[in-house]
Structure formats: C-alpha cells, structure tokens
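Chains, contacts and geometry: an overview
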Amino acid sequence: MTDKIANLNILDLFKDKDLVKVCAPMVRYSKLQFRNLVKIYNCDLSFTPMILADSFCQSEKARKNEFTTNLLDVPLITQFAANSVHDFVGAAYLSSPHCNGADLNCGCPQRWAKEQGLGCTMLKKPELIYDIIRQCRNRISKPFSVSVKMRLLNDLEQTVDICKQLEMCGVSFLSVHARTANQLGGDINKVVLKLIKENCNVPVIANGGITSLEKCFELQDETGCDGFMVANGLLTNPTLFSGSSVTSISCIQNWTNICYNSTIAYSNYEKELKKPKWTISEKPYNLTFQCFHHHLVFMLEKILPRKQKQVFNNLRTFSEVLGFLETYFNIKPQLYEPEQFFKSVAVDVDYSGRDEVYQELKPTEDLCFVEKEIIYDCENTDGKYFNSKISMEDSLDCDWSNIFFEND
C-alpha cells in the first residue's frame, strides 16, 4: 500500500484543479465501497468515516472494523475524533502508510461526541487543537497532510482567528462546515467562508448544504473557496460531481458490481471466474447488508415510484434486493476482469511496530482502556436515522437526503 501513496501530495490537488470535489466523512456511509463508487464520478478526494482515535490506537478490532482500503482508494484522508495529543498523533502515525493524510474532527455536533469532549466541543479548547496539529506535523513528514474539519463558533471573528492560528501551526488545509454546532440545517454562512479564505493562505474546503455541482461553482464565485465537501447530496446522488442531477442506472449497476466483487476473497477469484455465482451470500466477506441496502435506498429515492419505493425500502436480505434490481432495472452483479478485481480487493493493512509514537506520547497514568461500542454496533443495526424514516407513516414522501446529520 505504501507504493500507492508514497509520492502523492494532497496539496497538489489544489494546485492542479480549479475546484477540488470532496466526499465528506460520514458515520456508517463513507466506507470503502462508497468511496470507490464516487471516485468513478469525478470525486477528487474522500474521507473515511469519523474514527475514535483512542479506540484505533488501543484496539485491533477497531482498526479492522473502521479502516479498510484498496488500490483504488486514492487519495484518502483518515478522519479521527480525539481530544488529546497522544490519541490523535498516535492514530495518525498508525494509519499514515496507508492513507494520504489525517484529519481532526472539530465539527461533529452529536450529543455523545460532545459528552466525551470530541467534535465541535474541541473548538472551546483552541490551544489543544493547535498543540495536536503542531505535534502531528512534527512527527509525520510531508507530503502526508494534517488537516482540521470544523464548524463555526457563535463569535465569527474568533472562528477566523482559529483558522489563522491553525495555519501558523502547520495545518495543510481546512474544511469548514459553515454553520454553528446548533444549526443542523438552513443556509450556510457564506460571509464567514469568504473571510476565512481571505485571511488564510492554506486551501479552504467549504461544507454544508451543497446539492449540485452547479452549486459548488456558485459558492466558489461567492466565497473563493478552493474545494467543496458534500455528504447528503452524494448519498442521494453519487454522480453529483459529474454534473448529473439524479442517480443514473449505470451508477446503480456500478454500486452492485463494487459490492459483489468486494465479497469475493482474493484466493477465491479464479474459482469465481470459472463459475460466477452472480449473487451475494447472506453473510458475505467484507460487506454488511446495511451498507449495501441503505445506499441503494438513498440512490433510488428520486427514481422509484411510490409503491415500489415502499417495497424496496423494507427489503431485508441480499437475495431480495438483487431480485428487485434484476426485475425492475435488469441489473445483476458483474464480475470484474482480473486487473480491476485485484485493484478493488481490500488490502491486508499491517500496523506492526507503528504504535511506538502512541506509546511514547501517552501519559503513564492514562486510564485503562474501555472499548467503545458506539461506532461498532452500527455494523449490526440499521441505524436510528434509517429506522426513523422507515417507520414514519409518511415514509413514501420522505426526503432521504435529510436523514444524515452526523457530519454533513
């Protein structure tokens, strides 16, 4: 994996492109298969879901569950939630051979994150953020990027000042969700985005409420930002960055192909090539039903008629979903040719010997680690946002693009 990233510099994207198009970090949803899908449709840069840095440093289970990648997953930023130097720098160092940068989450507004002093609550401790960025920058050499994703403070001048200080600390670029932690919707603050861009020399990525490629260009004209990060809009339309206004049938086919091929172990490919199954087993390798189905629910929201949408949203097995896609769209999984398959296989990530920075930095009196299940349980549940929409009496009329508030 090191070979695929050794000479890749995220900052070159901002030099080479007039506008950098970014897939946001999304709890449950910006996993490997989805990152591979949006890269087909002109996404320039993608983020992992937010990962708890302390769990990542101390738990092999966390690393295995929360970080997967392949040769198509480039460029990639790994985002961590942390409130200490040793957790963030340790996690960034562990992951650094297998991605192109590490991002500190200072924007998540969820209650559980705030209770643990993570996400947007970090903005109340700017000196801690500065120390984290400085020490990470000093420990991991360039071109590995070190960035921050943040929301706005109520004091907008203080927001701009934090951005300027982060630049002085060596941050590679900034991602700014132009709403405060209390704003889960509504208009973003374009004035502050413009002020941040005018006062900082590092690239600035704008986030919040972007629903089309045309909107990206409009916001660039108004704010001068270098890139634009999208969450909800990509969930409902992974082809958004290609200029399309709705998910295409070919995108549905590509998603099915990606998921199907991701369930085939490298060692079984030759067998599959001779006699492909064209199906996904109910307990497949490297894929959950929730990932496969939920993304299709989002993508088909604007495509399926009301009655069919109700049927599809309540399917519960791989065979039911594949049968529906074949009947309604004449779509069935396609096995990749060898070259593409080998690039798409999830690699075996080796962290051997890379916990030295974490062990060196962590305080000797550090409390005993208790593994947090809040992230990992999502592999075995539908998720409260998804379930809340499925169970609504008016679910046929719901706008699925509104269900995601974790980190948009």
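Not measured: the values here are computed from a predicted model.

1. With respect to the environment of Leu 71
- Positionally, Leu 71 belongs in the loop between α5 (60-66) and β4 (76-81).
- The spatial distance from the C-alpha of Leu 71 to the C-alpha of Ser 344 is 6.3 Å, given a sequence separation of 273 residues.

2. Side note on the confidence of the model for the chain
- Summary statistics for the chain give a mean pLDDT of 89 and a share of 88% for residues scoring 70 or more.
- pLDDT under 50 marks residues 373-408. Its contacts with residues more than four places away, or in other chains, come to 83 contacts.

3. Side note on the pattern of salt bridges
- Summed over all chains, the structure comprises nine salt bridges.
- The partner of Asp 44 in a salt bridge is Lys 21, with the nearest N and O atoms 3.3 Å apart. Highlighted residues: Asp 44 in the loop between α3 (32-40) and β2 (45-47) and Lys 21 in strand β1 (residues 20-23), separated in sequence by 23 residues. We note that Asp 44, like Lys 21, is buried.
- With its nearest N and O atoms 3.3 Å apart, the salt bridge here joins Glu 301 to Lys 309.

4. Thoughts on the packing of helix α8 (residues 126-139) against helix α9 (residues 156-169)
- Where α8 contacts α9, the two axes come as close as 9 Å, and the packing angle between them is 25°. As judged from the angle between their axes, α8 and α9 are roughly parallel. By crossing handedness, the relation of α8 to α9 is classed as right-handed. Every residue of α9 that contacts α8 at Pro 126, Ile 129, Tyr 130, Ile 133, Arg 134 and Arg 137 is listed here: Asp 161, Ile 162, Gln 165, Leu 166 and Cys 169.
- Within the contact of α8 with α9, the residues separate by chemical class into seven nonpolar, one polar and three charged.

5. Focus: the side chain of Arg 151
- You can see Arg 151 is positioned in strand β6 (residues 145-152).
- The buried category is assigned to Arg 151, whose relative accessible area is 3%.
- Only 3.4 Å separates the side chain of Arg 151 from the side chain of His 177, close enough to count as a polar contact.

6. Some details on helix α15 (residues 289-300)
- Compared with an ideal rise of 1.5 Å per residue, which puts 12 residues at 16 Å, α15 spans 16 Å between its outermost C-alpha atoms and is within 8% of the ideal.
- The buried fraction of α15 amounts to 12 of the 12 residues, a majority that puts the element mostly inside the structure.
- Of the residues making up α15, those classed as buried are Phe 289, Gln 290, Cys 291, Phe 292, His 293, His 294, His 295, Leu 296, Val 297, Phe 298, Met 299 and Leu 300.

7. A few points about α8
- Along its 14 residues, α8 runs 20 Å from first to last C-alpha, staying within 8% of the 20 Å computed at 1.5 Å per residue.
- Burial in α8 covers these residues: Pro 126, Ile 129, Tyr 130, Ile 132, Ile 133, Cys 136 and Arg 137. What you see down the axis of α8 is that its buried residues fit within an arc of 160°, all on one side. Pointing more than 90 degrees away from the buried face of α8 are the exposed residues Glu 127 and Asn 138.
- Buried-residue contacts for α8 involve α6 (85-95), β5 (101-106), β6 and α9.

Analysis parameters
- Residues numbered from 1 in each chain as written.
- Predicted model: local features only at pLDDT ≥ 70, side-chain atom pairs only at ≥ 80, totals over all residues.
- Heavy atoms only, no water.
- Helix = DSSP H or I, 4+ residues; strand = E, 2+ residues; numbered from the N terminus.
- pLDDT = per-residue confidence, 0-100.
- Contact = heavy atoms within 4.5 Å.
- Salt bridge = Lys/Arg side-chain N within 4 Å of Asp/Glu carboxyl O.
- Buried < 20%, exposed > 50% of the residue type's maximum accessible area, 1.4 Å probe, protein only.
- Axes fitted to C-alpha atoms, helices over the stretch in contact; angles between N-to-C directions.
- Parallel < 35°, antiparallel > 145°, perpendicular 65-115°, else oblique.
- Left-handed = near helix turned anticlockwise from the far one by under 90°.
- Nonpolar A, V, L, I, M, F, W, Y, C, P; charged D, E, K, R; others polar.
- Polar contact = N/O pair within 3.5 Å; in protein donor to acceptor, adjacent residues only side chain to side chain.
- Expected span 1.5 Å × (residues − 1).
- Arc of directions from axis to C-beta.

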